[in-house]
Amino acid sequence: MNITITGKQLHIGENLTNYATDALNSLVEKYFPQDTGSASVAFSKEGSQIKTDISVRPVEGGLLINSSSVNPNAYSGFDEACIRISSQLRKYKNRLKDRKYSAEPVHVSVIEPEHDIPDLPEEEGSPVIVAEMQDSLPTCTVSGAVMRMELANVPALLFKNSSNGVLNMVYVRADGNIGWVDPKLK
């Protein structure tokens with residue numbers, strides 16, 4: 001497994017690097033013994049705390065599983081984030097066994113406009129628009145999309161519905177429930 005460990009405003013020693021590498025290797029190998037995945041761990045300073053962000057893609061082309069933790073101790077924070085990753089890997093492995101959804105990704109690209117978009121005046125407190133990277137658009141059922149959204153720890157997921165081939169979206173509503181957008185085509 002290819003593992004990248006970085007520190008932002010923080011020096012990562014050899015002991016922590018070895019600890020994180022060994023722990024992630026054994027954790028992912030427990031559920032996905034083939035050695036084709038990748039992972040990244042980022043430790044960053046937040047005041048007196050250390051934030052640990054872990055992203056694991058256990059199989060090349062598969063789901064990206066994210067977890068994070070904030071703790072005064074880097075080792076404890078890493079362990080807390082790994083507990084969530086372990087739970088998500090177990091769910092992902094069980095879903096793959098069920099084979100209730102297609103794991104074949106459809107690639108989506110961000111297309112740059114042919115002409116310049118005029119800058120809009122920035123208002124005080126307005127959100128910044130951030131361009132996203134290329135990602136894959138999964139073909140799956142609604143329950144598969146909800147599972148992918150939860151595993152990736154994201155608030156919304158666009159997917160191609162395997163039952164009708166139409167683009168759908170699932171998202172976390174303000175009340176904590178899951179919303180599903182299924183557009184009607186003319």
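Further up the page is the structure itself.
Here is a short report on the structure shown in this document.

### Regarding the overall build of the chain
When its secondary structure is counted, the chain shows 3 helices and 9 strands. Going from the N terminus to the C terminus, the chain shows its helices and strands as β-α-β-β-β-α-β-β-α-β-β-β. Split into buried and exposed, the 186 residues of the chain put 32% on the buried side. For the chain, contacts bridging at least 24 residues in sequence account for 47% of all contacts bridging at least 6. Counting every atom, the chain has about 12300 Å² of accessible surface; 52% of that belongs to carbon and sulfur.

### What to know about the pattern of salt bridges
Summed over the entire model, instances satisfying the criterion amount to 2 salt bridges. Close ionic contact of Lys51 with Asp53 constitutes a salt bridge, the shortest N to O distance being 3.9 Å. The partner of Asp175 in a salt bridge is Arg173, with the nearest N and O atoms 2.7 Å apart. Looking at Asp175, the relative accessible area reads 46%, which means it is partly exposed. Taking the relative accessible area as the measure of exposure, Arg173 reaches 38% and is therefore partly exposed.

### Some details on the nonpolar core
One finds Leu24, Phe43, Ile54, Val56, Phe78, Leu89 and Tyr92 to be the most contacted residues of the largest nonpolar core, which totals 29 residues. At the level of secondary structure, the elements contributing two or more residues to this core comprise strand S1 (2-8), helix H1 (14-31), strand S2 (38-46), strand S3 (49-57), helix H2 (74-98) and helix H3 (142-152). At 8 residues, the largest contribution of residues to this core is made by H2. Ignoring sequence-local partners within four residues, the contact set of Leu24 consists of Ile3, Ala39, Val41, Ile54, Val56, Phe78 and Cys82. Judged by nonpolar contacts, the second largest core, of 7 residues, contains Cys140, Ala145, Leu157 and Val170.

Cut-offs applied
Counting of residues starts from 1 at the beginning of each chain's written sequence and follows it residue by residue. Under the rules for a predicted model, residues below a pLDDT of 70 receive no local features and side-chain atom pairs below 80 are neither given nor counted, while totals for whole chains, interfaces and linings still include all residues. Side-chain numbers come from the whole structure's heavy atoms, not from hydrogens or water. The helix and strand labels rest on DSSP assignments: H or I over at least four residues marks a helix, E over at least two residues marks a strand, and numbering proceeds from the N terminus. Only protein chains enter the accessibility calculation, which uses a 1.4 Å probe; a residue whose area is less than 20% of its type maximum is buried, one above 50% is exposed, and one in between is partly exposed. Contact between two residues is taken to exist if any of their heavy atoms lie within 4.5 Å; hydrogens are not considered. Per-residue and other accessible areas were derived by the Shrake-Rupley procedure at a 1.4 Å probe size, with only the shown protein chains allowed to occlude residues. Whenever Lys or Arg places a side-chain nitrogen within 4 Å of a carboxyl oxygen from Asp or Glu, that contact is recorded as a salt bridge. Side-chain atoms within 4.5 Å link the members of a nonpolar core, which is a set of buried Ala, Val, Leu, Ile, Met, Phe, Trp, Tyr and Cys residues.

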